[in-house]
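# Tertiary structure, described
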Amino acid sequence: MIKSFLKPDKEERNGFKDKERLTKIAAMKCIACSKAGLKQLFRTEVHHLIGYGIGKKASDLFTIPLCSFHHRLGNKGEAIHSGKVSFENNFGTQEELLKEINCEI
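Residues numbered from 1 in each chain as written. Predicted model: local features only at pLDDT ≥ 70, side-chain atom pairs only at ≥ 80, totals over all residues. Heavy atoms only, no water.

### A short note on the pairing of strand E2 (residues 63–67)
Most of E2 is tucked away: five of the five residues are buried. On E2, burial covers both faces: Thr63, Pro65 and Cys67 on one face and Ile64 and Leu66 on the other are all buried. Bridge count between strand E1 (residues 44–48) and E2: five bridges; the pairing is antiparallel. By the bridge assignment for E2, threonine 44 is matched with cysteine 67. (Buried < 20%, exposed > 50% of the residue type's maximum accessible area, 1.4 Å probe, protein only. Helix = DSSP H or I, 4+ residues; strand = E, 2+ residues; numbered from the N terminus. Pairing = 2+ DSSP bridges.)

### Details of helix H4 (residues 84–91)
Among all positions of H4, only Ser86, Phe87, Glu88 and Phe91 are buried. Buried residues along H4 sit in contact with helix H2 (31–36), E2, helix H3 (68–73) and helix H5 (94–104). At the C-terminal side of H4, glycine 92 shows a positive phi close to 110°. (Contact = heavy atoms within 4.5 Å.)

### Examining the environment of aspartate 60
The residue aspartate 60 is located in the loop between E1 and E2 in this model. Through-space distance from the C-alpha of aspartate 60 to that of leucine 22 is 6.9 Å; in sequence the pair is 38 residues apart. If near-sequence neighbours (up to four positions away) are discounted, aspartate 60 is found in contact with Phe16, Lys17, Asp18, Arg21, Leu22 and His48. One polar contact links aspartate 60 to histidine 48, side chain to side chain, over a distance of 2.8 Å. (Polar contact = N/O pair within 3.5 Å; in protein donor to acceptor, adjacent residues only side chain to side chain.)

### A look at the side chain of asparagine 102
Among the secondary structure elements, asparagine 102 is positioned in helix H5. Given a relative accessible area of 16%, asparagine 102 falls into the buried group. Among the polar contacts made by the side chain of asparagine 102, one reaches the side chain of arginine 21 at a distance of 2.9 Å.

### Notes on the packing of H4 against H5
Across the interface, H4 lies against H5 with an axial gap of 9 Å and an inter-helix angle of 50°. One element, H4, and the other, H5, form an angle in the oblique class. Contacts between H4 and H5 involve Lys84, Phe87, Glu88 and Phe91 on the former and, on the latter, Gln94, Glu95 and Leu97. (Axes fitted to C-alpha atoms, helices over the stretch in contact; angles between N-to-C directions. Parallel < 35°, antiparallel > 145°, perpendicular 65-115°, else oblique.)

### Comments concerning the side chain of glutamate 88
Within the fold, glutamate 88 resides in helix H4. What makes glutamate 88 buried here is its relative accessible area of 15%. Only 3.0 Å separates the side chain of glutamate 88 from the backbone nitrogen of glutamine 94, close enough to count as a polar contact. In this structure glutamate 88 touches Thr93, Gln94 and Glu95, once residues within four positions along its chain are discounted.

Next up, the structure:
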């Protein structure tokens, strides 16, 4: 059982796979579009939080739904992969967004 989504058990860290969670995340609306009050125009992608992989892909427990625009296509401040700090200034930290999503799942 997961004790905390921000500090899961060791076996649930780095590279942990959870297909059920990924399916649920992919079916959700983009959290950045929701926060900005925008109509989502791009498909939802699963974003693994930056900085949680320690040299590997982050655990599937550290995932949030972002449309392709807010995930990788937008400019700095719009897409998380174009500038994490500016994205977080506009929409909240990855950890805050993860907590919100975990309440919905």
